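# Fold and geometry: a report
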Amino acid sequence: MTAHPTASWSAMQDGNVFYRRQQLYSTSGKLPNLNEYIVAGCKYGGPLAMMRDTTKVISIGGTNPALNKAQIQIYSPAGDGMLLFSWDNGKIVRFGWTDDERLVILNEEGVYRLYDLQGDYQQYSLGSEAGELGIVDACIYESGLVAITGSLTLLEVKGWEGARPLSLANPGLTSPPHAWAVIPPDLNISRHVEVLLSVEATIYSVDNLEVVDQRLSRGPFTHLSPSPNGKSLALLTFSGLLLVVSTDFQRSMAEFDTSTAQHADGSVRQIVWCGNDAILVTWDAFALLVGPFGDTLEYFYSGPIFAVTEPDGVRLMSPEVCDLVQKVPASTVSVFRPGSTSPSAMLYDAWESFSQRSPKADESIRSIRPELASAVNECIDAAGHEWEPYWQRRLMNAAKFGRGFLDLFNPSDFVTMGQTLKVLNSVRFYEISVPLTYTQYLHASPSHLVARLTARNLHLLAHRISTYLSLKPDAVLKHWASAKVLHSRPSGSGTATVTDASADDEVCQLIVDKFRKLGGPEVSFADIAKRAWEAGRTGLATKLLDHESRASDQVPLLLTMKEDRLALIKAVDSGDTDLVYHVLLHLYNRLPLGTFFRLIEDGGERLTLASRLLQVYAREQNREMLRDFYYSDDRRVESAVLSLEESTQILDPASKINAVKAAQKFFSEDKDRAFEAKMMDESVRLLNLQMQLEQETDGKITFSGLSVNDTIHTCLVNGMAKRADKVKSDFKVPDKRFWYLKLYALTSTRDFEGLEAFTKSKRSPIGYEPFVNHLVEKGFSKEAATYVSRCDSPRRPDLYVKCGEWRKAGEECKTRGDKAKLMELRKKAPNSLIERELDQIATSMR
Amino acid sequence: MASDDQSSVPANESALDVSLLKDVAKSALVDALNSVNGAKTLVLDASLSGPLGLVTEVSLLKHHGVDKMFWLEPGPLTSTTSNVVYLCRPTIKNVKIIADQIKRHARESLKHAYTVFFVPRVSTLVTRILEEEGVLGDVVVSTYNLQFIPLADDVVSLERDNTFKELWVDGDETVIFDSFQALVSFQKYYGSFPRIVGKGDSAARLATLLHRQGSTDSSSSEARLANEQTIDSLIIIDRRVDMITPLLTQLTYEGLVDELIGIKNSHVELPASLVNPPAASTQVAPPSAPTSTAPVAGLRKEAKKKYHLTTTTDPLLAEIRDLNFSSVGKKLNQVAHRLDEDYKARLQAKTVAQLRDFVGKLGGLQTEHQSLRLHTGLSELVVPLTKTEEFNKSLEIQQNLLASYNVSVQLTAIEDMIAQGAEMQTVLRLLCLASITAGGIKAKTLENVKREVLQAYGYNYLPMLLSLAAPSLSMLLPNPLPSTVTGPKYPFVLLRKSLRLLIDDNPEALDEVENDISFVYSGYAPISVRLVQCIAQKGGVLSNPAERDKQDQDGKGKTTKVQAHPIVGWKGFEDVISTIPGETVDIVQKPANAVISPMASLLPREQATTTVVFFLGGCTYTEIAALRWVARQNRGRKFLIATTSIVSGASIIEGIAGVGKAGGPKDAGI
């Protein structure tokens, strides 16, 4: 029988809180001496990366064969070597892990690489400036890094996609900080990264805006460590005093003198948080857990240890074992605490009695009847926090037993927990060695776990887990297929092409079949095709690409494969204009102009969109190209319009005329565009005339750019009536329009005599009503009235009214003998005076 | 009362809650701003200010670290903060300005951190231009995904200016793809479209994109399943299918205000005296003028102020916005009387309790009072404009052209209007209308009119005339067509008969009962809405449901609205629809995993469903009014109107001509 869970517990705070140390794996003899290495551990039960610490003296002829080469070794938590590779790219400054278990290695030239667990890497740089200054130190956290350059400034990189490094505020250091730490953006209120630097006796907190001196006086500090939730900060002074303060430095939370620890030997190695309220201080072979009230727990080991913070505890790697130290979760305490009388403890007790066929079971159940549901839930939760399957099973059984006494119970929690435990137990197995706790699993999500397994090339397990948890299988499949493509490489490069092709077919078929069988329709082949192409297997890539249904995924690869036409067609079909631009601009850069145009023109109907988009782009950015494009395609009208558009932007009259002339020429070359050509001809004439007019007026009046109407108007307003007449005859302006123009112009200059003379010059083609209306509208009622007499007689009374001449309106009625109209007017009359006048007229009519 | 029609929506028929979209847009903006730490200078694309004003207010921006705001315009930028944030559409013009400003700073060796948010997404094109200009390395490029913005509780819009020109003059289909993406996210929030029906080539392209997406992507099918039943279909109407409607003068209240005064992003510019209540009582949060590099246009004759036309702060608007303008005066009068009586209630208040009751209502009354004052004032502004000769002449020509009455006389009348110096857009709208309704204008006449237009308004309008005649638009064609141009003509005369477009209305009846959707144009029914009726209210195309209602009323004394019939595509109207140029779409999308019996979708359901009508290329206020009317005739179906933007004939013509109304964005609300 497995030891009782409480066997690993130790009490703290007078037995109110328990911490437990659980052995996860036995690593005896598997790990090298951690003292001689620089180590970086990955969260969530991830592996350890280590590199020999060249500052340490070690004995030659030991267990380590290659010491003079820079090597990185990666060990699983169970102590098995996972990967070993040598480093040949300058001096390593720092290495650390990303949240998707990739190893980041940064060298002093500011170059960093991201290694996955298969040893493949991507390389990025912090920029040339950082390269020149050199990198002194760096802090790598899960979602980015902060580096200190040679000039002691700070650079930040967000994410791992090779983002451009951003400079943080300059702290103005004169020497590297004694110690420093980074609070990741997601733990900060500002949601931006914050760097804490221990400088002299104080601490500077730096973000991208400002440097704040926190005015501490107890420094300098050798260790800084922010808590997992980013709210508190542990500091260790040179004298060994451990301080805990809030990260806003407003409150001091605890103090503890580590030098008082009895078994402490030598200097402190690490300060790590265990949960959010306890701190683990490690020495060479000894770890001390300091609780919030200064109480301590001691852990002894046989050799040097390394601690990795987890969200719910600390993982300790020692030469013999891999341990997890954590606060015992509440539900577990509630069930197993000696003497506990909580409902869950009673339930567990009842179940034990039941399995021993003792009648006590009934009594216990009865006693907790009202709290049974919560007791069941607590047992389920406690099962999740147990490491040993034996105890997991017992707790689940207890829960199941209690469930039987409930009328209504939603079993989904129970089922999910069962599934989760199955998954967790399978990945905790030492050959897989992902020691994930239930809390961590919830933190990191199941798909994260699956991704980690695929990254270890454990495709079968990953796939089974993802189907078991009904996750989508495509991520696993994709990774599997890429691995398949890489590994199925034909053995010798000299093999005949026939076998090569058949091998391609085979692999392609294999992948496609597997996808069809396991994945839905949404699996993307493009990524795999890309991998195949990168691996130099063009044939396979094309074959795989044929199976891809999404155009947007096909296009970039097709471009790299130089399948230009196909890429363009696919892009147009996708309807994504951005994709079309992507292809167009790419091709424009790569192909000779002629070939490029031909490609688009030959596409005909199918590529209309591409051609249209090219025109939109070129009109704004590259007119020269557009002109060539139209010219090469004999598009006269478009060329003309382009030329015309340009003419509107030209200020110099002479070159403007030339542009319009060019447009005219293009139009005249197209026999269907005779009208347009003629119009352009007129336009040129007008521009010439306007130039002439401007000269005549010594440039005092601007004519250029006006329409024919406006030109006439301007002439009239400026007393150039002769000129206006000339424009009229030159451009065959119809009489009607000319009359209106003249009316408007003369009214605006209040040249009523001129207007009078003009109307008498000949019979108005527009009648005289417009004169009345316009003059009234402009407020010249008096002048307007003079024209009423020339209008049609039936309209006259109303028009007079418009001019405010009620009397005349009445007289008009009288002369026409229209009594009804007169009465109508009388009704509308605005005041009694007019009423009386109208009455008079009415009486005189009798 | 019309207000009852709108407010008496039963609870179970409540439409989709579009304010969700506003919240999404707002929080996305906040996230975008917060991603840049510290105080920042915001440089805003003027064309975005209107749309942004609908989702956020200046105070929110200030609250999230925006120190100063500038318009994005050519010229140097002075920024006091180290962070400069650009928020703009991914157009070449904008990007060039940005690049220029950054280079200027570099020359003056000013150090700033630049972030550019492109709306709604980054395009390869602009990053490429940033690269060509050599500044890509200096900026952080990101996106602010602003998609549908709710304009009213049943209208959402992408608020993209000039989509019409982009689509059919430039052939730039970006807006189709953007609409597609917006509709995809729309489906994520509200459930998928079980059926997509549409008309027009671009509509077909959009439908294909949506269908392809629907069949490949079932990722969020579980989430969607919950409200699977709330949307019954998506109807896509391509603006090209119905060019006539926007060419006409809109005659509803809101439509007429748009025609004569201009509504931009739901804001209308009014004299300040009208917007500000005399006393500083209830205030419609005035959009404070931003600090701008542009000198504030102080030379305006009268201070103008933006007023947001929304029913949330303006209850009266809901009652009058969709009325034919002729009945607005009467309605306002009614409201004034009611208000007066409500105020008088005070005199009758005898007990303290009654008095307290009255005081409780006082706030509401004052809001209503202010709103009445504003709309009365606004109507007063509009009325003189409807009395001008140009306005009435153009209405007359429109009505005659719609009835195909003596086309050549109408053309002469149009020429007269040119001679009288009528507005360019008015003339061109009439010309295009003549060409479409009559199937082209006699070549000789057309050439003459075109010459008149060029002489009167300038030769630089020649490209516009060419665009209008281009096959993609075919709005201004000679008759007979030259051999080079092929393609079917718009069968207006046929449609007029089969879709019952022209209604004889007697003015008395119009006041009382809204006869048919044709009330929006005083007797002409917009084709686009008729097409929607072909799908969602088949009876309404053939006869007036309102009239039937009336008969029922006489018979039974109580009106029961007809239950809306399920969506069965174009059924019954296939012949008519096929005569209209452009592809016809009818796609039934199978839900990915839900097995629904084929009959289930045909059975009438008690639960109300929503039909989303998407206008690709923009819709007019009259079309919205008409669709609201359609929705009121049936039980069990709501309409949600989605559009790329709100358009009018003027905005379309001016868009093609490339002359926007100047000075519009300068003093935008935000």
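Computed from a predicted model, the values in this text were never measured in an experiment.

## Examining the overall build of chain A
- Assigned secondary structure in chain A consists of 33 helices and 29 strands.
- Within chain A, the proportion of its 846 residues that are buried is 51%.
- Contacts in chain A between residues at least 24 apart in sequence constitute 49% of all its contacts with a sequence separation of at least 6.

## Here we look at the packing of aromatic side chains
- Taken as a whole and judged by the stated rule, the model has 34 aromatic pairs over all chains.
- With a centroid separation of 5.2 Å and an interplanar angle of 55°, the aromatic rings of Phe164(B) and Trp168(B) are classed as tilted. Here Phe164(B) pairs with Trp168(B), and both are found in helix H7 (residues 163-170), just 4 residues apart, close to one helical turn. Note on accessibility: Phe164(B) and Trp168(B) belong to one class, buried.
- For the pair Tyr521(B) and Tyr524(B), a centre-to-centre distance of 6.1 Å together with 55° between the ring planes defines the contact as tilted.
- Three or more aromatic residues link up through ring pairs in this structure, and these residues are Phe148(B), Phe186(B), Tyr189(B), Tyr190(B), Phe193(B) and Phe614(B).
- The residue whose ring lies beneath Arg113(A) is Trp87(A), and the NZ or CZ to ring-centre distance is 5.2 Å.
- The ring of Tyr121(A) carries the charged tip of Arg113(A) above its face, separated from the ring centre by 4.1 Å.

## Topic: a positive patch on the surface
- Taken together, the side chains of Lys678(A), Arg685(A), Lys732(A) and Lys444(B) define a basic patch exposed on the protein surface.
- Positionally, Lys678(A) belongs in helix H23 (residues 674-696).
- Overall, the relative accessible area of 47% leaves Lys678(A) in the partly exposed class.

## Topic: the sheet that holds strand E15 (residues 180-183) of chain A
Residues and elements named next belong to chain A.
- If you walk across this open sheet you meet the 4 strands as E15-E16-E17-E18, and the pairing is antiparallel. The open sheet has two edge strands with one neighbour each: E15 and strand E18 (211-213). The sheet shows a mean angle of 20° between the axes of neighbouring strands, taken without regard to direction.
- Of the strand pairs in this sheet, strand E16 (residues 194-199) and strand E17 (residues 202-206) are connected by 5 bridges, and their pairing is antiparallel.

## Some words on the UniProt feature "transmembrane region" (unreviewed entry) in chain B
- Within this structure's numbering, the places UniProt gives as "transmembrane region" (unreviewed entry) are residues 612-631 of chain B.
- For residues 612-631 of chain B, helix accounts for 55% and strand for 25%, while the C-alpha atoms at its two ends are 12 Å apart.

## Observations regarding the interface of chain B and chain A
- Taken together, the contact pairs 54 residues of chain B with 55 residues of chain A.
- Note on chain B versus chain A: buried area summed over both sides is about 4,600 Å², and carbon and sulfur give 54% of it.
- For the pair chain B and chain A, the number of links is 4 salt bridges.
- Here Asp416(B) and Lys736(A) are joined by a salt bridge, their closest N and O atoms 2.8 Å apart.
- Where chain B packs against chain A, one counts 24 residue pairs in polar contact (both at pLDDT 80 or more).

## Examining the pattern of salt bridges
All names here are of chain A.
- Counting across every chain of the model gives 68 salt bridges over all chains.
- Measuring nitrogen to oxygen at the nearest pair gives 3.3 Å for the salt bridge that ties Glu-142 to Lys-43. You can see Glu-142 sitting in the loop between strand E11 (135-141) and strand E12 (144-149) and its partner Lys-43 sitting in the loop between strand E3 (37-41) and strand E4 (48-52), a full 99 residues away along the chain.
- What makes Lys-43 partly exposed here is its relative accessible area of 26%.
- What emerges from the salt-bridge pattern is a single network uniting Arg-619, Arg-623, Glu-624, Arg-627, Glu-645 and Glu-646.

## Considering the pairing of strand E16 (residues 584-588) of chain B
Residue and element names in this part refer to chain B.
- Because side chains alternate across E16, one face comprises the buried residues Val-585 and Ile-587, and the other comprises Thr-584, Asp-586 and Val-588, none of which is buried.
- Examined bridge by bridge, strand E8 (residues 195-199) and E16 share 5 bridges and lie antiparallel to one another. By the bridge assignment for E16, Gly-198 is matched with Val-585.

## A closer look at helix H31 (residues 806-816) of chain A
All names here are of chain A.
- Among the residues of H31, Trp-806, Ala-809, Gly-810, Glu-812 and Cys-813 are the ones counted as buried. Mapping the buried residues of H31 onto a view down its axis gives an arc of 155°, with all of them on the same face.
- Residues of H31 that are buried sit in contact with helix H30 (796-803), helix H32 (819-828) and helix H33 (832-845).
- Just beyond H31, the residue with positive phi is Gly-817, at close to 70°.

## Some remarks on the nonpolar core
- By size, the foremost hydrophobic cluster in this structure holds 207 residues, and its most contacted members are Leu87(B), Tyr144(B), Phe148(B), Phe186(B), Ile244(B) and Leu431(B).
- Both domains that meet at this core, namely domain 1 (19-146) and domain 2 (253-291 + 304-386) of chain B, each give it at least three residues.
- Contact partners of Ile244(B), with chain neighbours within four places excluded, come to Leu402(B), Leu433(B), Ile436(B), Thr437(B), Tyr490(B), Phe492(B), Tyr524(B) and Ile527(B).
- Listed in part, the 75 residues of the second largest apolar core include Leu544(A), Val583(A), Ile600(A) and Leu77(B).

Reading guide: rules and limits
Residues numbered from 1 in each chain as written. Chains lettered and ligands numbered in written order. Predicted model: local features only at pLDDT ≥ 70, side-chain atom pairs only at ≥ 80, totals over all residues. Heavy atoms only, no water. Helix = DSSP H or I, 4+ residues; strand = E, 2+ residues; numbered from the N terminus. Buried < 20%, exposed > 50% of the residue type's maximum accessible area, 1.4 Å probe, protein only. Contact = heavy atoms within 4.5 Å. Phe/Tyr/Trp six-rings, centres within 6.5 Å; stacked < 30°, edge-to-face > 60°. Lys NZ or Arg CZ within 6 Å of the ring centre and 35° of its normal. Patch = residues over 30% accessible without salt bridge, like charges linked within 9 Å, V, L, I, M, F, W, Y side chains within 5 Å. Areas by Shrake-Rupley, 256 points an atom, 1.4 Å probe, with all protein chains shown as cover. Salt bridge = Lys/Arg side-chain N within 4 Å of Asp/Glu carboxyl O. Lys, Arg positive; Asp, Glu negative; His and termini not counted. Charge placed at Lys NZ, Arg CZ, Asp CG, Glu CD. Pairing = 2+ DSSP bridges. Axes fitted to C-alpha atoms, helices over the stretch in contact; angles between N-to-C directions. UniProt positions renumbered as here; feature names shortened; annotations may be inferred. Buried area = accessible area lost by both parts, 1.4 Å probe. Polar contact = N/O pair within 3.5 Å; in protein donor to acceptor, adjacent residues only side chain to side chain. Arc of directions from axis to C-beta. Core = buried A, V, L, I, M, F, W, Y, C linked by side-chain atoms within 4.5 Å. Domains from an automatic or database assignment.

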